[in-house]
Amino acid sequence: MRVAKETVVAIEYTLKDDQGNIIDASGDRGPMEYLHGAQNIIPGLEQGVDGLVAGDTKSVLVPPQLGYGEYSDKLLQLVPINAFGANTPQVGMRFHAETNLGMRVLTIKKIEGEEVTLDGNHELAGKTLHFDIKVVSVRAAELTELSHGHPHQSGGCCGGGGCGSGESSSEGGCCSTGEASQGGCCSAEEGAAAGGCCSTEQPVAQKQGGCGSGGCGCSA
Ligand SMILES: [Zn+2]
């Protein structure tokens, strides 16, 4: 079976930057599984996988506009240091916050006096991504997978924990579907920032939820 819309695909991958540094790899985590054609992963990678069969390997070059977008200064904002209350902000600290663009992962970029600069860009914004991929398996998606927009593996929907990176909560996919907002793994109670489904430790290639291996509380 070839990778096409409405197939569930498992890939192993290594992601490098322009300098050849490894940014992420499926490695010990095992293959990343996603629903093809459902915006589970970044567009450039999805295009690269399209039409392949199990066993195929390929190098896929993803420009920023097909990856995490160009870096935008508009996503920088200044907040007073006292907005952090009792917490002490530190450069590099990341957290989820509601913004005028929805829920975003914000990184503290700079602290000057009483002013803290927050950066809402994805950490890979503006970067060209070099993927080396191997297609592990391709299968037809189940009906419930199609209706949910993500694969169901290892214990039902997202059973194993993990829901793509932070922006998934605002852009669709596992973290923004009904089950999430009603108390799924991305609910406020569980605190994405505490390492729940929206944790930034998830595979970076899973742009929008994906839930290939992970946790969003729907019971199907
Ligand atoms: Zn589901």
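Residues numbered from 1 in each chain as written. Predicted model: local features only at pLDDT ≥ 70, side-chain atom pairs only at ≥ 80, totals over all residues. Heavy atoms only, no water.

Draft legend 1. Inspection of the overall build of the protein at higher detail. Regarding its fold elements, the protein presents 4 helices and 9 strands. Walking the protein from its N terminus toward its C terminus, one meets helices and strands in the order β-β-β-α-β-β-β-β-β-β-α-α-α. Scored against the burial criterion, the 220 residues of the protein give a buried share of 46%. Expressed as a percentage of contacts within the protein between residues at least 6 apart in sequence, the contacts between residues at least 24 apart total 70%. For the protein, the exposed area adds up to about 10400 Å²; of that, 48% sits on carbon and sulfur atoms. (Helix = DSSP H or I, 4+ residues; strand = E, 2+ residues; numbered from the N terminus. Buried < 20%, exposed > 50% of the residue type's maximum accessible area, 1.4 Å probe, protein only. Contact = heavy atoms within 4.5 Å. Areas by Shrake-Rupley, 256 points an atom, 1.4 Å probe, with all protein chains shown as cover.)

Draft legend 2. Layout of the sheet that holds strand 8 (residues 115–119). A sheet is described by the order of its strands in space; here 4 strands give the open sequence 5-8-7-6, paired in antiparallel fashion. Every other strand in the sheet has two partners, leaving strand 5 (76–80) and strand 6 (94–99) as the edge strands with one partner each. The mean inter-strand angle of the sheet, taken between neighbouring strand axes irrespective of direction, is 45 degrees. (Pairing = 2+ DSSP bridges. Axes fitted to C-alpha atoms, helices over the stretch in contact; angles between N-to-C directions.)

Draft legend 3. Expanded view of the packing of aromatic side chains. Counted according to the given criterion, the structure contains 2 aromatic pairs. Considering the side-chain rings of Phe 84 and Phe 95, the 6.0 Å spacing of their centres and the 90 degrees angle between planes classify their relative orientation as edge-to-face. With a gap of 11 residues between them, Phe 84 in the loop between strand 5 and strand 6 and Phe 95 in strand 6 connect regions that are remote in the sequence. (Phe/Tyr/Trp six-rings, centres within 6.5 Å; stacked < 30°, edge-to-face > 60°.)

Draft legend 4. Broad picture of the nonpolar core. With 21 residues, the main nonpolar core has Ile 11, Leu 45, Val 49, Leu 129, Phe 131 and Ile 133 as its most contacted residues. For this core, the elements supplying multiple residues, two or more each, are strand 1 (7–16), strand 3 (32–35), helix 1 (43–49), strand 4 (57–62) and strand 9 (129–140). Looking at this core element by element, the count peaks at 5 residues for strand 9. With residues near it in sequence (within four places) discarded, Ile 133 still touches Ile 11, Glu 12, Tyr 13, Leu 45, Val 49, Leu 52, Asp 56, Thr 57, Lys 58 and Val 60. Counting 7 residues, the second largest nonpolar core, distinct from the first, contains Val 79, Phe 84, Leu 106 and Ile 108. (Core = buried A, V, L, I, M, F, W, Y, C linked by side-chain atoms within 4.5 Å.)

Draft legend 5. How the structure looks around the pattern of salt bridges. In the structure shown here, the tally under the stated rule is 4 salt bridges. A salt bridge links Asp 24 to Arg 29, with the nearest nitrogen and oxygen atoms 3.1 Å apart. Across the pair Arg 139 and Glu 145 runs a salt bridge, and its minimum N-O distance is 2.9 Å. Using a relative accessible area of 24% as the deciding quantity, one classes Arg 139 as partly exposed. (Salt bridge = Lys/Arg side-chain N within 4 Å of Asp/Glu carboxyl O.)

Draft legend 6. Broad picture of the confidence of the model for the protein. Counting all residues, the mean pLDDT for the protein is 77, and 70% of those residues have values of 70 or more. Per-residue pLDDT stays below 50 along residues 158–203; that stretch engages in 122 contacts with residues further than four places along the chain or on separate chains. Low pLDDT, under 50, characterises residues 207–216; the predicted model gives this stretch 69 contacts beyond four residues in sequence or across chains. (pLDDT = per-residue confidence, 0-100.)

Draft legend 7. View of unusual backbone geometry. Here Glu 6, not a glycine, exhibits a phi torsion of approximately 70 degrees, which is positive. Mapped onto the fold, Glu 6 is located in the segment before strand 1.

Draft legend 8. Just the environment of Thr 57, in detail. Looking at the element boundaries, Thr 57 is found in strand 4. In this structure Thr 57 comes out as exposed when scored by relative accessible area, which is 58%.

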